[in-house]
Amino acid sequence: MSSVRTDKEASTTLDDALKPTSRAVDGDAVVRALKPVADDAPEAETIDGFHLVIDALKLNDIDTIFGLPGIPITDLTRMAQAEGMRVISFRHEQHAGNAAAAAGFLTQKPGICLTVSAPGFLNGLTALANATTNCFPMILISGSSEREIVDLQQGDYEEMDQLAIAKPLCKAAFRVLHAQDIGVGIARAIRSALSGRPGGVYLDLPAKLFAQTMDAVKGKASLIKVVDPAPRQIPAPDAVKRALDLLKGAKKPLILLGKGAAYAQADADIRALVEKTGIPYLPMSMAKGLLPDTHAQSAAAARSYVLQEADVVLLIGARLNWLLSHGKGKTWAEDKGAKQFIQIDIAPTEIDSNVAIAAPVIGDIGSCVAALLGGIDAKWAKPPTEWTGAIAERKDKNLSKMAVTLAARPSPMNFHSALSVIRDQVKARPDAIVVNEGANTLDFARSIVDMYEPRKRLDVGTWGIMGIGMGFAVAAAVVTDKPVIAIEGDSAFGFSGMEVETICRYNLPICIIVFNNNGVYRGTDVNASGTADVAPTVFVKNARYDKLMEAFGGVGVNATTADELQKALTEAVASRRPTLINAVIDETAGTESGRITSLNPATAKKK
Ligand code: FYN
Ligand code: ADP
């Protein structure tokens, strides 16, 4: 299919398009645009904005769009599909945006989310901000209304100054007004999303832009294939030496792997660094699987101990934010003396953001880890056995305790018995991607479900956001074609539950397990006022989430025992059919705010 049209076919010229009344082309125009060039057409070939956008994306090897059609981008979705792109159409823009973000994390290519103007744009914005916070590369492309009317606030259809609103919530924001600038706009968006610290980018495309036409040869020539969009950044040799010297002198060293390390795709070197140095490591949740969780050097099951006791901590793609208690306080046993930190990061301004960093190593993780590895030779002294032995002791104790808990088969199921089934399934299918959100469902799954391969765990990330579930699951299935197991709290699932229709529509190999304990945190809260309403955290009792999947032709299973759950999950992963398992969990199981009770003002005060 040619993306080029003749003037005869083009419904709108640049002049037409600049008239305030012109809008996106209608369905007829799409048909015209898709029609083969007439034999007798003598005119010079032109290309429109729609096709310039599509060609610019394709030129940069972007082959998938996650979005939701509507004015003014409906035709863009149709044409992109006609031009061979995969267009995954969602039921709500936030989930399309989350899918784009997850695709960016998994592939190192910016995920594209396409939305309509004002309300659609706003729906996509949470995902854009979340992607930026998590350092995932994505581009939110939104159609927008007439600039002349918007800027004079004359009350246009879906009037909104989208560019101004997006700016503070993303890494960069651009607007393209002329067809000849589409190539530059898309190149700038790609480069901004991928280079340095990855993040979200907003690209504003006013309705009139799509219908503008220009000479096809000039149009093609205006597109840019971005060369080296994420340039390597080699660390300075003196920074590497400083880090190695500090690490060499450590008595109780620790490596902390964050999701930046997973994103970097430097898997072999990261594993070599851990194994050659012999240093115990702790994975942040989305770094699980960079080395298998069963690895002898994993200190995950002795987390509190290693954070308190370590004397030198090497951070690789992890920030000292709330998830690491800002590198200070009780978690780090600050009263016993400050730790010394080495931090590998691509963003120089991340350094010293919470505590002093003794040895910053600035560069891309691949280059930094390779440089450190270069300084580890056969004479490297592995950490003292008092340190590794003490960790092993604590770890074994925790693992044995956990094994007993996981072996129990209570009725109804609790979080542990249900998760032990999932743990076994992931062990059998280490290539499956786990998506995880909720409070207790998240916290228990993080420590119970071992991961074996890099970038197989997607979760609520830096913000602890709810609602990423179905968007992340769809992206994982679409970009990897691997089975996806979405472990969802019943509350968390509700944020994106309608996307089960999307999952069925594209027949994706996704198995959702809803941990149904009748409410947020648990289902037993009572309304103290005595009125008829249930407590704010309580849901409809004994709800059947599995029926939701059945409504769209997928497989729904109500699992009340671990055996039923195991059978349904095994079948779902093997068959690759969209499946939702309603896992009935004891409604008294679960604690307020899971393991982050200390952040809950009321509970924190009581302590
Ligand atoms: C870990 N642990 C284990 C194992 N793995 N025990 C046995 N076996 C295994 N495999 C132990 C570990 O040593 C800890 O015990 C404990 O289990 C908990 O480990 P975890 O989960 O790694 O650590 P912790 O303390 O919960 O981590 C803090 C945190 C984490 C902030 C990084 O809670 C987190 O990522 N939270 C995100 C929460 C969130 O975003 N929620 C969404 C909003 S919910 P000890 O070593 O004895 O401490 C809204 O309400
Ligand atoms: P976690 O939540 O797992 O601790 P964070 O999101 O806090 O991880 O940290 C990721 C860090 O990784 C960010 O500071 C980011 O700048 C950094 N980062 C991301 N990609 C790269 C890369 N390719 N090279 C170096 N640093 C990176």
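Residues numbered from 1 in each chain as written. Chains lettered and ligands numbered in written order. Predicted model: local features only at pLDDT ≥ 70, side-chain atom pairs only at ≥ 80, totals over all residues. Heavy atoms only, no water.

Engineer: I tried to follow the overall build of the protein chain on my own but got confused; where do I start?
Structural biologist: If you tally the helices and strands in the protein chain, you get 25 helices and 20 strands. Its C-alpha radius of gyration of 26 Å places the protein chain within 12% of the 25 Å reference for a compact globule of 607 residues. On the principal axes, the C-alpha backbone points of the protein chain span a range of 85 × 65 × 45 Å. In the protein chain, which comprises 607 residues, the share counted as buried stands at 57%. A sequence separation of at least 24 residues applies to 78% of the contacts in the protein chain between residues at least 6 apart. Within the structure as shown, the protein chain displays about 24,400 Å² of accessible surface, and the carbon and sulfur contribution to it stands at 55%. Charged side chains in the protein chain number 65 positive and 68 negative. The centres of these two groups are separated by 8 Å. (Helix = DSSP H or I, 4+ residues; strand = E, 2+ residues; numbered from the N terminus. Rg over C-alpha atoms; globule rule 2.2 N^0.38 Å. Buried < 20%, exposed > 50% of the residue type's maximum accessible area, 1.4 Å probe, protein only. Contact = heavy atoms within 4.5 Å. Areas by Shrake-Rupley, 256 points an atom, 1.4 Å probe, with all protein chains shown as cover. Lys, Arg positive; Asp, Glu negative; His and termini not counted. Charge placed at Lys NZ, Arg CZ, Asp CG, Glu CD.)

Engineer: It is not clear to me how the site of ligand 2 should be interpreted in this structure. Could you clarify?
Structural biologist: Near ligand 2 lie 19 residues; those nearest to it are Arg197, Lys259, Arg319, Asp345 and Ile365. Within the side chain of Arg319, a nitrogen or oxygen atom sits 2.7 Å from an oxygen atom of ligand 2. The backbone of Ile365 places a nitrogen or oxygen atom 2.9 Å from a nitrogen atom of ligand 2. Taken by itself ligand 2 offers 580 Å² of open surface, and the protein chains cover 96% of this. Ranked by the residues each element gives to the shell around ligand 2, the list is headed by helix H13 (residues 259-263), at three residues. Looking at the shell around ligand 2, its residues break down into eight nonpolar, six polar and five charged. (Near = heavy atom within 4 Å. Polar contact = N/O pair within 3.5 Å; in protein donor to acceptor, adjacent residues only side chain to side chain. Nonpolar A, V, L, I, M, F, W, Y, C, P; charged D, E, K, R; others polar.)

Engineer: Can you help me understand the site of ligand 1 in this one?
Structural biologist: Neighbouring residues of ligand 1: 23 residues in total, closest Ser304, Arg446, Ser447, Tyr521 and Arg595. One of the backbone nitrogen or oxygen atoms of Ala300 is found 3.2 Å away from an oxygen atom of ligand 1. Here an oxygen atom of ligand 1 and a backbone polar atom of Ala302 are 3.5 Å apart. Considered on its own, ligand 1 offers 1,000 Å² of accessible surface; in the complex 81% of this is hidden by protein. When residues of the shell around ligand 1 are traced back to their parent elements, those giving at least two are helix H15 (303-309), helix H17 (385-407) and helix H19 (440-448). For the shell around ligand 1, the leading source of residues is H19, giving four residues. Of the residues assigned to the shell around ligand 1, the class counts are 13 nonpolar, six polar and four charged.

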